[in-house]
Amino acid sequence: MPIGLRLAQQHLVYAAFGIYAFAIGNIFPRLPDIMEAMGVGEAALGLGLIGLPAGTLVALTLSPPLLDRVGYRRALLTLLPLLPVAYAAAVHATGPMALFALLFPAGLMVGATEIILNVEADRTEAMVGRRIMNRAHSFWSFGFFGAGLFGGAMAQLGLSPQAHLALVAPLTAAATVAVLGRYEPAPARTASAETSPRFARPTLPILVLVAVTLSAMLMEGAGMDWSAIYMRSVFESGPFVAGLAVAVVGLSQAVTRFFADSFVDRHSPSSVARVLLCLLALGVVLVFAARSPGLSLTGFALIGVGCSAIFPLAMSAAAQRTDRPAAVNVAALAQISFVAFLIGPPLLGFVAEHWGLRWTFGLGLPLVALSFVAAGALGGRSPAAIAQR
């Protein structure tokens, strides 16, 4: 007999996003300590971090048919407790190549979980008859905010990354059982969505959606990977303030995502996205030019706001296409977008080592312009919004 809280379907989705983000987010406030323990620079650390997107990309490409066979309930309730175990193993790496190898299985789990949660959010939208995608991703950001605070506090207290990440595993397992024990997948939008081809090949419309997400994914990933190191290196901030930079991105992103769906309903996905991209550009400029920790934290907050709804809006647009099953279009979009989100920021370590950490953010401005131009692919003013005029 299932155990756990009795929650509405959308609340189960929100909880799953939050638990997932907390499980994977605790490593990022500890990256300065991991880099110091390895005795390497930003470029070498970035090389090791590529193990995560490598595994993620493989899973996003190959896992949809496997997830169909295993079932979303069994897969999700297995993956969430295992994710922090994989990260806890990875922080025992003694060098970049070992870090790459240990993060690869974590990436496989991340890719599979991304497909489950985003498809489940889309199916739940259809079931309840209203948008929940942005709000679901807001709980991911709240979970990441919690991970940034918790990780920063553990660093400030002097707890080693190994002990800290080991502590996250039982916390995640307990939350999964207590909150998601009664989770059952929502029904698919169409019968065809139950089967998927082996490879999730991106089509031209999906590639346009990739262009929309590119700057947000790169800058969100840079905020996760490099914000703590940026604060320690540029301003010599303490461990908690460095972790706070990670948390600020998550919190500002969470609050914006929580309220974004109502703005999208009143206006349109494309117009909301373009406002957010302007705020993202401002945040990037502030981080690039800041001469004080406070101004940098303000820039990180604006980056969180600017990145907040771009990816969820693109996921909704991909899932609602009728040319292929939702799971395939979601996976195809995520495959390419996650290259920017996960591979891009580690590769920026080479930029940081040769030109400084500020340029890891400054290089995002041309991509913001590209995303602004492509944002029309998200869709125009909704019928409900037109009726309210």
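What you see is a predicted model, and the numbers here were worked out from it, not measured in a lab.

Quick look at the overall build of the protein
At step 1: Scanning the protein from N- to C-terminus turns up 17 helices and zero strands.
At step 2: The C-alpha radius of gyration computed for the protein amounts to 19 Å, which stays within 12% of the reference 21 Å derived for 389 residues, consistent with globular compactness.
At step 3: Taken along its principal axes, the extent of the C-alpha atoms in the protein is 55 × 50 × 35 Å.
At step 4: Here the protein holds 389 residues, and 58% of them are scored as buried.
At step 5: Restricting the contact set of the protein to residue pairs at least 6 apart, pairs at least 24 apart contribute 87%.
At step 6: Split by element, the accessible area of the protein, about 14,300 Å² in all, is 69% carbon and sulfur.
At step 7: A gap of 8 Å separates the mean positions of the 23 positive and 17 negative side-chain charges of the protein.

Notes on the nonpolar core
At step 1: Y87, M219, Y230, F300, I303 and F361 are the most contacted members of the largest nonpolar core, which totals 116 residues.
At step 2: Looking at which element gives the most residues to this core, the answer is helix α9 (residues 204-235), with 17 residues.

Here we look at the side chain of Q253
At step 1: With respect to the element layout, Q253 can be found in helix α10 (residues 239-266).
At step 2: The class for Q253 is buried, based on a relative accessible area of 1%.
At step 3: Polar side-chain contacts of Q253 include one of 2.6 Å to the side chain of S141.
At step 4: Separated by 3.2 Å, the side chains of Q253 and E220 make a polar contact.

Remarks on helix α7 (residues 133-156)
Since the α-helix packs 3.6 residues into each turn, any two residues three or four apart lie on the same face.
At step 1: The end-to-end C-alpha distance of α7 is 35 Å, a good match for the 34 Å that 24 residues give at a rise of 1.5 Å each.
At step 2: Phi turns positive one or two residues past the end of α7, at G158, with a value near 85°.

Side note on the state of the cysteines
At step 1: Evaluated as defined, the whole model comprises zero disulfides.
At step 2: Its sulfur unpaired, C278 is 13 Å from the next cysteine sulfur, which belongs to C307.
At step 3: We classify C278 as partly exposed; its relative accessible area is 46%.
At step 4: Of the residues examined, C307 reaches a relative accessible area of 1% and is grouped as buried.

Topic: unusual backbone geometry
At step 1: Positive phi outside glycine occurs at E236, with the angle close to 55°.
At step 2: Inspection of the secondary structure puts E236 in the loop between α9 and α10.
At step 3: Given the relative accessible area of 71%, E236 is considered exposed.

A short note on the packing of helix α4 (residues 51-70) against helix α6 (residues 96-128)
At step 1: Direction vectors running N to C along α4 and α6 enclose 40°, while the axes themselves pass 6 Å from each other. Judged by the angle between their axes, α4 and α6 are oblique. Here the hand of the crossing between α4 and α6 comes out right-handed. Contact residues: α4 offers G51, L52, A54, G55, T56, V58, A59, L60, S63, P64 and L67, while α6 offers F100, L103, F104, A106, G107, L108, V110, G111, A112, E114, I115 and I116.
At step 2: When its residues are assigned to classes, the contact of α4 with α6 shows 16 nonpolar, six polar and one charged.

Conventions adopted
- Residues numbered from 1 in each chain as written.
- Predicted model: local features only at pLDDT ≥ 70, side-chain atom pairs only at ≥ 80, totals over all residues.
- Heavy atoms only, no water.
- Helix = DSSP H or I, 4+ residues; strand = E, 2+ residues; numbered from the N terminus.
- Rg over C-alpha atoms; globule rule 2.2 N^0.38 Å.
- Buried < 20%, exposed > 50% of the residue type's maximum accessible area, 1.4 Å probe, protein only.
- Contact = heavy atoms within 4.5 Å.
- Areas by Shrake-Rupley, 256 points an atom, 1.4 Å probe, with all protein chains shown as cover.
- Lys, Arg positive; Asp, Glu negative; His and termini not counted.
- Charge placed at Lys NZ, Arg CZ, Asp CG, Glu CD.
- Core = buried A, V, L, I, M, F, W, Y, C linked by side-chain atoms within 4.5 Å.
- Polar contact = N/O pair within 3.5 Å; in protein donor to acceptor, adjacent residues only side chain to side chain.
- Expected span 1.5 Å × (residues − 1).
- Disulfide = S-S within 2.5 Å.
- Axes fitted to C-alpha atoms, helices over the stretch in contact; angles between N-to-C directions.
- Parallel < 35°, antiparallel > 145°, perpendicular 65-115°, else oblique.
- Left-handed = near helix turned anticlockwise from the far one by under 90°.
- Nonpolar A, V, L, I, M, F, W, Y, C, P; charged D, E, K, R; others polar.

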